[in-house]
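Understanding the architecture of this molecule
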Amino acid sequence: MIKKIALATLAAVAFSAATPALATDYLANTKSGKFHYATCRTIKYPDAPHFVHYSSREAAIADGYTSCGVCRP
Ligand SMILES: [Zn+2]
């Protein structure tokens, strides 16, 4: 019983630590001028040098990027 609770707690901590990064992370493509959710299916290589990370969509828009029509960030 105690062991089960500990495992559930660990899983909850790991999940809450991983979620914000996925929910708030945006990638702007300096070649296309568009920005995406980091989870967008059109992004095959998010670590490619022409992607710039943004933590907010407002910041990406302020830099002149337009939102992707597939993931609609
Ligand atoms: Zn996209």
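Heads up: the structure comes first, above all this text.
Keep in mind that what you see is a predicted model, and the values were worked out from it rather than measured.

1. Remarks on the coordination of the zinc ion
- Within the protein, the zinc ion binds to His36 (ND1), Cys40 (SG), Cys68 (SG) and Cys71 (SG); these donor distances fall in the range 2.1 to 2.4 Å.
- For the zinc ion, the four donor atoms in the first shell make angles of 94 to 129° at the metal, a pattern classed as tetrahedral.

2. Some remarks on the nonpolar core
- Among the nonpolar cores identified, the biggest contains seven residues, and these are Leu27, Cys40, Ile43, Ala48, Phe51, Cys68 and Cys71.
- When neighbours within four sequence positions are excluded, Cys68 is seen to be in contact with Lys34, Phe35, His36, Cys40 and Pro73.
- Ranked by size, the runner-up nonpolar core spans six residues in total, among them Ala28, Tyr54, Ala60 and Tyr65.

3. With respect to the pairing of strand β1 (residues 26-29)
- Side chains of β1 alternate between two faces, with Tyr26 and Ala28 and Leu27 and Asn29 buried alike.
- Direction of pairing for β1 relative to strand β2 (residues 34-37): antiparallel, over a ladder of four bridges. Across the sheet, residue Leu27 finds its bridge partner in β2, namely His36.
- Between β1 and β2, which pair antiparallel and follow one another directly, the connecting turn spans four residues, one of which, Gly33, has a positive phi of 80°.

What counts and what doesn't
Residues numbered from 1 in each chain as written. Predicted model: local features only at pLDDT ≥ 70, side-chain atom pairs only at ≥ 80, totals over all residues. Heavy atoms only, no water. Donors = N, O, S within 2.8 Å, 3.2 Å for Na, K, Ca; no water. Tetrahedral: all angles 85-135°; square planar, octahedral: opposite > 155°, others 65-115°. Core = buried A, V, L, I, M, F, W, Y, C linked by side-chain atoms within 4.5 Å. Buried < 20%, exposed > 50% of the residue type's maximum accessible area, 1.4 Å probe, protein only. Contact = heavy atoms within 4.5 Å. Helix = DSSP H or I, 4+ residues; strand = E, 2+ residues; numbered from the N terminus. Pairing = 2+ DSSP bridges.

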